[in-house]
Amino acid sequence: MPVLTRLIPSPVVVDISRGAMDDLAGLLADQRISASGKLAFAISGGSGQKLREKLAPDLPGADWYEVCDGTLDSAVKLADDIKGKRYDAVVGLGGGKIIDVAKYAAARVGLPMAAVATNLSHDGLCSPVSILDNDNGRGSYGVPTPIAMVIDLDVIRDAPARFVRSGIGDAISNISAIADWELSHEITGEPVDGLAAAMARTAGESVLRHPGGVGDDDFITVLAEGLVLSGIAMSISGDSRPSSGACHEISHAFDLLYPKRAASHGEQVGIGAAFAMHLRGASEQSGLFTEVLRRHGLPVLPEEIGFTVEEFVRAVAYAPQTRPGRFTILEHLDLSTDQIRDAYADYAKTIRS
Ligand SMILES: [Zn+2]
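Computed from a predicted structure; not experimentally measured. (Residues numbered from 1 in each chain as written. Predicted model: local features only at pLDDT ≥ 70, side-chain atom pairs only at ≥ 80, totals over all residues. Heavy atoms only, no water.)

Quick look at the overall build of the protein chain now. Regarding its fold elements, the protein chain presents 14 helices and 8 strands. Taking 353 residues into account, the globule formula puts the C-alpha radius of gyration at 20 Å, and the protein chain, at 20 Å, falls close to it. Across the 353 residues of the protein chain, 55% fall into the buried class. Taking the contacts inside the protein chain whose residues are at least 6 apart along the sequence as the reference set, 73% of them involve residues at least 24 apart. Total accessible area on the protein chain is roughly 15200 Å²; 52% of this is exposed by carbon and sulfur atoms. When the 32 positive and 46 negative side-chain charges of the protein chain are each reduced to one mean point, those points stand 3 Å apart. (Helix = DSSP H or I, 4+ residues; strand = E, 2+ residues; numbered from the N terminus. Rg over C-alpha atoms; globule rule 2.2 N^0.38 Å. Buried < 20%, exposed > 50% of the residue type's maximum accessible area, 1.4 Å probe, protein only. Contact = heavy atoms within 4.5 Å. Areas by Shrake-Rupley, 256 points an atom, 1.4 Å probe, with all protein chains shown as cover. Lys, Arg positive; Asp, Glu negative; His and termini not counted. Charge placed at Lys NZ, Arg CZ, Asp CG, Glu CD.)

Pasting the structure below:
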């Protein structure tokens, strides 16, 4: 008999609500993730310590591990520290870096991992990938998808607004990434996973079209759900294709060419997505992207994140090399630097008018 369904790797529990963090122990016990409460918590030194003080009284079986940075070394050290101590699960409690470190460490010692996000800076919170700094720059490591995903709206409200805004750029960029995927299907015959594309696109569109802002729970909920769905879309397709196209190649180029000056991931991919939409001739959508990014206080021009036009042109020219084998509007048009400069002038003129 043919296989008429497929299983999707996904968390057994997703809780995005006010006060979601208050009964973490109960939530993990109810879901049979941890009956004994023996948990290894990975936290940051700063805001992580405050959350520890708040949560520790209700979590007598937990041990707390401070993670100082998002490096592969820190992830390996965490794995060594928790090895052999019979924990039920690893809990990554913090921003993107802490969650990435916890994901990798949990995979290394064969434990399930629960992600408790304290900001919404990107769509890797619930993805099967851990992004870590290594001796060669930055690497993506395949790991299991988190078994639980908890986002407490009261905690997100306290996060620096910049980290929440960053997630907006990352969510909206899905729409550009899917357009790249469909273009590749048309030109190279690359298969598109319709379910992954549907989830990633819906996530992007719901953030793009939502009238609210980072100050209200309705909007934060839609943004958090969008980022979680983007991560699951990546689990479905088995790679970052549903959420990463020319927008991300341009951002990776910024990271590689100007490592000390790079802006946040969401700020860079937001600009990359608006410019990529312009390149593919979707000027109306490009205009909507820039309008929405601006409304949320996100940059739309490279100068707004401290880069000159020439530096931007160089990044766009370099972008295809950051993801060999990925076909996007950049590989399709294969523009010379002069052509990129002209296209940028046109983009800047359109959005300034
Ligand atoms: Zn991203």
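Now that the structure is up, let's keep going.
Burial of strand 5 (residues 113-117) is extensive: 5 of the 5 residues sit out of reach of the surface. Residue alternation in strand 5 divides its side chains into two sets, Met 113, Ala 115 and Ala 117 and Ala 114 and Val 116, and both sets are buried. Each parallel crossover has a hand, and for strand 4 (residues 89-94) linked through helix 4 (residues 96-109) to strand 5 it is right-handed. Where strand 5 lies against strand 8 (residues 148-152), 4 bridges are found, and the strand directions are parallel. For Ala 117, the partnering residue across the bridge sits in strand 8 and is Ile 151. (Right-handed = clockwise from strand over helix to strand, strands pointing away. Pairing = 2+ DSSP bridges.)

Attention now goes to the sheet that holds strand 4. Spatial strand order, 1-8-5-4-2-3: 6 strands in an open sheet with parallel pairing. Here the strands that pair on one side only, and so sit at the sheet edges, are strand 1 (13-17) and strand 3 (62-66). Sheet twist, expressed as the average angle between the axes of neighbouring strands with direction ignored, equals 15°. Sheet contacts for helix 4: strand 2 (39-43), strand 4 and strand 5; angle to strand 4, the most-contacted strand, approximately 170°. (Axes fitted to C-alpha atoms, helices over the stretch in contact; angles between N-to-C directions.)

Let us look at the nonpolar core. Of all hydrophobic cores here, the largest spans 94 residues; its most connected members are Leu 120, Ile 151, Leu 223 and Phe 275. With 10 residues, the top contributor of residues to this core is helix 8 (residues 217-237). Shared between two domains, this core holds at least three residues of each, these being domain 1 (13-158) and domain 2 (164-352). Residue contacts for Phe 275: discarding those within four places in its chain leaves Ile 250, Phe 312, Val 316, Ile 340, Ala 343, Tyr 344 and Tyr 347. Judged by nonpolar contacts, the second largest core, of 23 residues, contains Val 13, Leu 59, Trp 64 and Val 155. (Core = buried A, V, L, I, M, F, W, Y, C linked by side-chain atoms within 4.5 Å. Domains from an automatic or database assignment.)

Before going further, it helps to spend a moment on the coordination of the zinc ion. Protein ligation of the zinc ion involves Asp 170 (OD), Asp 170 (OD), His 248 (NE2) and His 265 (NE2), the donor distances falling in the range 2.1 to 2.7 Å. Around the zinc ion sit 4 donor atoms; with metal-centred angles ranging over 51 to 143°, the donor geometry is irregular. Linear spacing of the donor residues for the zinc ion on their chain is D-x77-H-x16-H. Taken together, the residues span a long stretch of sequence, with Asp 170 in helix 6 (residues 161-188) and His 265 in helix 10 (residues 265-279) at a distance of 95 residues. By relative accessible area, Asp 170 is classed as buried at 0%. By relative accessible area, which is 26% here, His 265 ends up partly exposed. (Donors = N, O, S within 2.8 Å, 3.2 Å for Na, K, Ca; no water. Tetrahedral: all angles 85-135°; square planar, octahedral: opposite > 155°, others 65-115°.)

The residues that UniProt annotates with the feature "binding site: glycerol" (unreviewed entry) are Asp 123, Asp 170, His 248 and His 265. For the residues just named, distributed over 143 residues, the greatest C-alpha separation is only 12.2 Å, placing them together at one site. Structurally, Asp 123 is set in the loop between strand 5 and strand 6 (129-134). Note on Asp 123: relative accessible area 7%, which makes it buried. Residues in contact with Asp 123, not counting those within four places in the same chain, are Asp 170, Asn 174, Leu 227, Ser 230, Gly 231, Met 234 and Ser 243. With respect to the helices and strands, His 248 occurs in helix 9 (residues 246-257). Residues within four places of His 248 in sequence aside, it is in contact with Asp 170, Ser 173, Ser 243, His 265 and Val 269. (UniProt positions renumbered as here; feature names shortened; annotations may be inferred.)

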